[in-house]
Amino acid sequence: MAGGNERSMKALKEVWRRAENSLCADCGKPDPDWASSTLGVFICLSCSGIHRNIPSISKVKSLKMDHWDDAQVQFLAKHGNAVTKATYEAHIPIYYYQPNYNDCQVLREQWIRAKYERKEFTELGKQLPYSDGVKEGILWKRGRDNGQFLPRKFLLSEREGCLKYFTKQDAKEPKINIKIDMINATFQPVKIGNPNGLQITYLKDNKTRNIFVYHESGKEVVDWFNAIRSVQFHYLKVAFPIASDNEIKNRLTRNFLKEGYMEKTGPKQREAFKKRWFTLDHRRLMYFKDPLDAFAKGEVFVGSRENGYSVQKGLPSGTQGNFSWHYGLTIVTPDREYLFTCETETDQLDWIAAFTSIINQAMTPQEYAIEAYFKFKS
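Residues numbered from 1 in each chain as written. Predicted model: local features only at pLDDT ≥ 70, side-chain atom pairs only at ≥ 80, totals over all residues. Heavy atoms only, no water.

The name recorded for the protein chain in an unreviewed UniProt entry is Arf-GAP with dual PH domain-containing protein 1, from Pelecanus crispus. According to the UniProt record, the Subcellular location (unreviewed entry) comment for the protein chain reads "Cytoplasm". (UniProt positions renumbered as here; feature names shortened; annotations may be inferred.)

Next up, the structure:
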């Protein structure tokens, strides 16, 4: 018996050590130490918890702590991540967002359920709930002024190239009509206070407007998210016919580079530092009095190093103004310096890394136009 266990363990480790099994099959996290004995995939602890919630599809076991019999090991050896992905990820639409281990629970859960439970990607040309070019339904939207979430009808149309929402079910005219190429969407469960919380942003008069929504169903809100990406993709394919699919994919919805509280002072750099919520959305640094504000109190354009932008650790010597936090950083632009303080050194270094990643990138022609607008506005 002991010899059989040793053989099984040795064979299990050999399969586990294959390069294809070195990352979680579902989120890409390195060094997965769980596996599904019914699907044949190697997964991380977090994804194993999602698999455990669909026991009719997947039975999960620890590769370190649980016993694996010969038949189960042979099944893993026959399948593994590469073979299983070839079946369950055979026909993923290019616009579909494939989450990684840094993404929120609802995205990862619906990705796993879409693959193994609903088998959305096993057949070419399969009709999907986010691929029709039109989607209509109810989302709970946060009121701009009162902060209450109320049901609102949303309509997404590829033909019209826009997203609308209506304050009443029978309303003929929308409250807002947003061009599809102006939209960004990103999941914000912690900020919104709901596991299915989605933040939709768009430019209005070149200012960023935030809309916060959720749906009780995780599947429904993720379907909305991918429907937006689908409509964006097809719109941009027409607008940029010579661009490759991957180039267009990279222009779809994006996560913010960083968010969090910092303190800031005014342009004279003598005013008291005030605590504000900051969002770095590519080259736009926005600050808000409250994380759920509809409009930013101000925006700063962050350009490239070759155009005179830089980030420096600390504040200029002789900085005046009262501040509670002592880990400073300075954004240098061709026109002025922006001074901020962070609560911890970790926050300071994280912000500096985020700014550096943007400043080190060359600017596109569109970004030069945005920079010119910011300079004109100031």
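After that view, the rundown keeps rolling.
## Observations concerning the UniProt feature "domain: Arf-GAP" (unreviewed entry) in the protein chain
This chain's UniProt record puts "domain: Arf-GAP" (unreviewed entry) on residues 6-129. For residues 6-129, the helix share is 40%, the strand share is 6%, and the end-to-end C-alpha distance is 48 Å. (Helix = DSSP H or I, 4+ residues; strand = E, 2+ residues; numbered from the N terminus.)

## Brief notes about the side chain of Arg113
Note that Arg113 resides in helix α5 (residues 105-117). Residue Arg113 is classed as buried on the basis of its relative accessible area, which comes to 16%. Of note is the side chain of Arg113, whose polar atom sits 2.9 Å from the side chain of Glu117. The residues contacting Arg113, other than those within four sequence positions of it, are Asn53, Ile54, Arg118 and Lys119. (Buried < 20%, exposed > 50% of the residue type's maximum accessible area, 1.4 Å probe, protein only. Polar contact = N/O pair within 3.5 Å; in protein donor to acceptor, adjacent residues only side chain to side chain. Contact = heavy atoms within 4.5 Å.)

## Quick look at helix α7 (residues 218-239)
The end-to-end C-alpha separation of α7 is 32 Å, in line with the 32 Å expected for 22 residues at 1.5 Å each. Two or three places before Lys219, at the start of α7, stands the capping residue Ser217, its side-chain oxygen 3.3 Å from that residue's backbone nitrogen. (Expected span 1.5 Å × (residues − 1).)

## Some thoughts on the sheet that holds strand β1 (residues 34-36)
As summarised here, the arrangement of the three strands in space is β2-β1-β3, forming an open sheet in which the pairing is antiparallel. Every other strand in the sheet has two partners, leaving β2 (42-43) and β3 (60-62) as the edge strands with one partner each. As judged from the two bridges shared by β1 and β2, these two strands associate in the antiparallel manner. Residue pairing in the sheet places Ala35 in a bridge with Phe42 of β2. (Pairing = 2+ DSSP bridges.)

## Some thoughts on the packing of α5 against α7
If you want to describe how two helices pack, look at the angle between their axes and the distance between the axes. The contact between α5 and α7 brings their axes to 10 Å, and the two run at 90°. With respect to α7, the axis of α5 lies roughly perpendicular. For the pair formed by α5 and α7, the contact residues are Val106, Leu107 and Gln110 on the first element and Gly218, Lys219, Val221, Val222 and Phe225 on the second. Taken together, the residues of the contact of α5 with α7 break down into five nonpolar, two polar and one charged. (Axes fitted to C-alpha atoms, helices over the stretch in contact; angles between N-to-C directions. Parallel < 35°, antiparallel > 145°, perpendicular 65-115°, else oblique. Nonpolar A, V, L, I, M, F, W, Y, C, P; charged D, E, K, R; others polar.)

## What about the packing of helix α2 (residues 45-52) against α5?
Running from N to C, α2 and α5 point in directions that differ by 55°, and their axes come no closer than 10 Å. Our classification of the angle between α2 and α5 gives oblique. Relative to α5, α2 is oriented so that their crossing is right-handed. Residues Ser46, Cys47, Ile50 and His51 of α2 form the contact with α5, whose participating residues are Gln105, Arg108, Glu109, Ile112 and Tyr116. (Left-handed = near helix turned anticlockwise from the far one by under 90°.)

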